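Letter by letter, the chains look like this.
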Amino acid sequence: MPHITQSELTAYLVENQERFYRLAYSYLHDREEALDAVQTAVCKALEKQDGLKNADAMRTWFYRILVNVCTDQLRRRKRVVLVPQEALDTGSYEDPLPADGTLAQRVEGLPPEVATIVKLRFYEELSLKEISTVVNCPLSTVKTRLYTGLKKLRVAMEGAQE
């Protein structure tokens with residue numbers, strides 16, 4: 001298995017920069033933060049290039065770096081909001097559906113670990129095996145989360161059509 005050269009890595013990163021930005025934006029919903037995330041991920045990839053032994057794994061390797069950078073940014077951004085007890089709904093604790101019925105917003109309404117898998121599968125067209133590598137989960141877990149997410153999306157979209 002040949003090592004990847006810096007020029008091969010750079011070519012891959014430049015060629016796919018729009019895809020990387022789209023994925024980062026789907027996480028962060030902020031243009032500047034998405035650009036920062038891609039830039040940070042590219043820097044990390046260039047720094048850790050020696051750790052990539054197989055050129056065939058470059059795609060999943062970089063997506064993993066980018067997803068981790070986005071997740072870290074979301075963690076830093078997160079704030080705890082205290083809600084008075086009387087404001088809590090005593091009914092369902094299902095994931096809230098976005099007010100607007102678009103599919104992209106419904107994907108955002110999924111739990112983060114499920115939304116990540118749906119985005120990587122359908123927005124970035126990664127295989128389930130590649131997604132398993134990116135999110136560092138067993139293939140069976142990826143399949144379960146994907147099908148759970150798709151079922152929730154189908155139910156939500158059918159409910160919106162009525």
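What you are looking at is a predicted structure, and each value in this text was computed from that prediction instead of being measured.

**Student:** Provide a residue-level description of unusual backbone geometry, including the pertinent values.
**Tutor:** Trans is the prevailing form of peptide bonds, just as negative phi is the prevailing case for residues other than glycine. The backbone of H29 sits at a positive phi, close to 55 degrees, despite the residue not being glycine. Structurally, H29 can be placed in the loop between helix 2 (17-28) and helix 3 (31-47). Accessibility expressed as a relative area gives 44% for H29, which makes it partly exposed.

**Student:** Please give an account of the pattern of salt bridges that cites residues and values.
**Tutor:** Applying the stated rule across the entire model yields five salt bridges. The closest approach of N and O atoms between E124 and R19, which form a salt bridge, is 3.2 Å. Highlighted residues: E124 in the loop between helix 6 (112-123) and helix 7 (128-135) and R19 in helix 2, separated in sequence by 105 residues. The exposure class of R19 is partly exposed, given its relative accessible area of 23%.

**Student:** I'd like a rundown of the packing of helix 6 against helix 7, residues and numbers included.
**Tutor:** Pairs of packed helices are described in terms of their axes, by the angle between the two and the distance that separates them. Two numbers describe how helix 6 lies on helix 7: the axes approach to 10 Å, and their chain directions differ by 135 degrees. The orientation of helix 6 with respect to helix 7, classified from their angle, is oblique. The interaxial crossing formed by helix 6 with helix 7 has right-handed handedness. Each of T116, I117, L120 and R121 in helix 6 lies in contact with helix 7, whose residues at this interface are L128, I131, V134 and V135. Here the residues of the contact of helix 6 with helix 7 sort into six nonpolar, one polar and one charged.

**Student:** Lay out helix 4 (residues 58-77) in plain terms, naming residues and giving numbers.
**Tutor:** Taking 1.5 Å of rise per residue, 20 residues should cover 28 Å, and helix 4 covers 29 Å from first to last C-alpha, within 8% of that figure. M58, T60, W61, F62, Y63, I65, L66, V67, V69, C70 and Q73 are the residues of helix 4 that are buried. In this fold, the buried residues of helix 4 make contact with helix 1 (6-15), helix 2, helix 3, helix 6 and helix 7.

**Student:** Now, about the nonpolar core: what can you tell me, with residues and values included?
**Tutor:** Counting 39 residues, the largest nonpolar core has F20, F62, Y63, L66 and L120 as the members making the most contacts within it. Every element with two or more residues in this core is listed here: helix 1, helix 2, helix 3, helix 4, helix 6, helix 7 and helix 8 (139-161). With nine residues, helix 4 is the largest single contributor of residues to this core. When residues no more than four places from it in sequence are discounted, the contact partners of Y63 are Y12, R19, F20, L23, L120, E124, L126 and V134.

**Student:** Explain the packing of helix 4 against helix 7 to me, using residue names and the numbers behind them.
**Tutor:** At a minimum axis separation of 8 Å, helix 4 and helix 7 run at an interaxial angle of 45 degrees. Judged by the inter-axis angle, helix 4 sits oblique to helix 7. When you trace helix 4 past helix 7, the crossing you get is right-handed. Only E130, T133 and V134 of helix 7 make contact with helix 4, whose side of the interface consists of R59, T60, Y63, R64 and V67.

**Student:** Could you give an account of the environment of A24, naming the residues involved and the relevant values?
**Tutor:** Here A24 shows up in helix 2. Accessibility expressed as a relative area gives 0% for A24, which makes it buried. Setting aside chain neighbours within four positions, we find A24 in contact with A34, A37, V38, L66 and C70.

**Student:** Describe in detail the layout of surface pockets, supporting the description with residues and values.
**Tutor:** Approximately 660 Å³ is the volume attributed to the largest pocket. Secondary-structure elements contributing two or more residues to the lining of the largest pocket are helix 4, helix 5 (103-108), helix 6 and helix 7. Here the lining of the largest pocket gets eight residues from one element, more than from any other, and that element is helix 4. For the lining of the largest pocket, the class distribution of residues is 10 nonpolar, five polar and nine charged.

Basis of the calculations
- Residues numbered from 1 in each chain as written.
- Predicted model: local features only at pLDDT ≥ 70, side-chain atom pairs only at ≥ 80, totals over all residues.
- Heavy atoms only, no water.
- Helix = DSSP H or I, 4+ residues; strand = E, 2+ residues; numbered from the N terminus.
- Buried < 20%, exposed > 50% of the residue type's maximum accessible area, 1.4 Å probe, protein only.
- Salt bridge = Lys/Arg side-chain N within 4 Å of Asp/Glu carboxyl O.
- Axes fitted to C-alpha atoms, helices over the stretch in contact; angles between N-to-C directions.
- Parallel < 35°, antiparallel > 145°, perpendicular 65-115°, else oblique.
- Left-handed = near helix turned anticlockwise from the far one by under 90°.
- Contact = heavy atoms within 4.5 Å.
- Nonpolar A, V, L, I, M, F, W, Y, C, P; charged D, E, K, R; others polar.
- Expected span 1.5 Å × (residues − 1).
- Core = buried A, V, L, I, M, F, W, Y, C linked by side-chain atoms within 4.5 Å.
- 1 Å grid on protein atoms, 1.4 Å probe; cavity = no way out; pocket = protein on both sides within 12 Å on 5 of 7 lines; lining within 4 Å.
- Points joined across faces, edges and corners; volume = space filled by probe spheres on them.

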